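One letter stands for each residue in the lines below.
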Amino acid sequence: EFDYSGGQAIKALKEEGMEVVLMNPNIASVQTNMDDKSTSKADHVYFLPVTPDFVEEVIAKEKPDGIVVSMGGQTALNCAVD
C-alpha cells in the first residue's frame, strides 16, 4: 500500500510541476523507480534510513519548500513528530 500511494503522490506532484525528493531505505520499492520513462519517478532519491539525523541532512542539502510525510507510514510520521 505504501508503494502504491507513494508512487501516486510522486506522480501527482510531478504533474503539478514540482521537483520531488524521496527518502526511502527500501531499494526494492516502487517509489524508488529510476526508469526514465516512469511518470512516478522522483527527481532525487536518497536510500537512507528515515531518522531525524538523516532527514535533517537531506533537508539541509535539498532545501525543500515543503515536506509530505503522510505517504511514508508510521516511520515517517514518527520522524516528523520528533
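Everything quoted here is computed from the prediction, not taken from an experiment.

**Brief notes about the overall build of the protein**
And then number 1: Across its full length, the protein holds three helices and two strands.
And then number 2: Its helices and strands in sequence order give the protein the pattern α-β-β-α-α, from N to C terminus.
And then number 3: A burial count over the protein gives 24% of its 82 residues as buried.
And then number 4: In the structure as shown, the protein presents an accessible area of about 5700 Å², 54% of it carried by carbon and sulfur atoms.

**Focus on the environment of cysteine 79**
And then number 1: Position of cysteine 79 relative to the elements: it lies in helix H3 (residues 73–81).
And then number 2: Classification of cysteine 79 by relative accessible area gives buried; the value is 12%.
And then number 3: Taking C-alpha positions, cysteine 79 is 5.9 Å from threonine 51, a pair spaced 28 residues apart along the chain.
And then number 4: In contact with cysteine 79, other than residues within four places in its own chain, are Val50, Thr51, Pro52 and Val55.

**What to know about the nonpolar core**
And then number 1: Listed in full, the five residues of the largest apolar core are Met23, Tyr46, Val55, Val58 and Cys79.
And then number 2: Excluding its chain neighbours within four sequence positions, the residues that come into contact with tyrosine 46 are Val21, Leu22, Met23, Asn24, Val58, Lys61 and Glu62.

**With respect to the layout of surface pockets**
And then number 1: In this structure, the largest pocket encloses a volume near 1200 Å³.
And then number 2: Considering the residues around the largest pocket, the lining is formed by 38 residues, among which Val21, Leu22, Met23, Ile67 and Val68 are closest to the centre.
And then number 3: Elements supplying a minimum of two residues to the lining of the largest pocket: helix H1 (2–15), strand E1 (21–23), helix H2 (52–62) and H3.

**Structural notes on the confidence of the model for the protein**
And then number 1: Scored by pLDDT, the protein has a mean of 84; 83% of the residues are at 70 or more.
And then number 2: Looking at the elements of the protein, mean pLDDT is at its lowest for H1, recorded as 84, and at its highest for H2, recorded as 96.

**Remarks on the environment of alanine 76**
And then number 1: Its location among the elements puts alanine 76 in helix H3.
And then number 2: Classification of alanine 76 by relative accessible area gives buried; the value is 13%.
And then number 3: Considering only alpha carbons, one finds alanine 76 and valine 55, 21 residues apart in sequence, at a separation of 9.7 Å.
And then number 4: Ignoring any residue separated from it by four or fewer positions in sequence, one finds alanine 76 in contact with Val50 and Val69.

What counts as what
Residues numbered from 1 in each chain as written. Predicted model: local features only at pLDDT ≥ 70, side-chain atom pairs only at ≥ 80, totals over all residues. Heavy atoms only, no water. Helix = DSSP H or I, 4+ residues; strand = E, 2+ residues; numbered from the N terminus. Buried < 20%, exposed > 50% of the residue type's maximum accessible area, 1.4 Å probe, protein only. Areas by Shrake-Rupley, 256 points an atom, 1.4 Å probe, with all protein chains shown as cover. Contact = heavy atoms within 4.5 Å. Core = buried A, V, L, I, M, F, W, Y, C linked by side-chain atoms within 4.5 Å. 1 Å grid on protein atoms, 1.4 Å probe; cavity = no way out; pocket = protein on both sides within 12 Å on 5 of 7 lines; lining within 4 Å. Points joined across faces, edges and corners; volume = space filled by probe spheres on them. pLDDT = per-residue confidence, 0-100.

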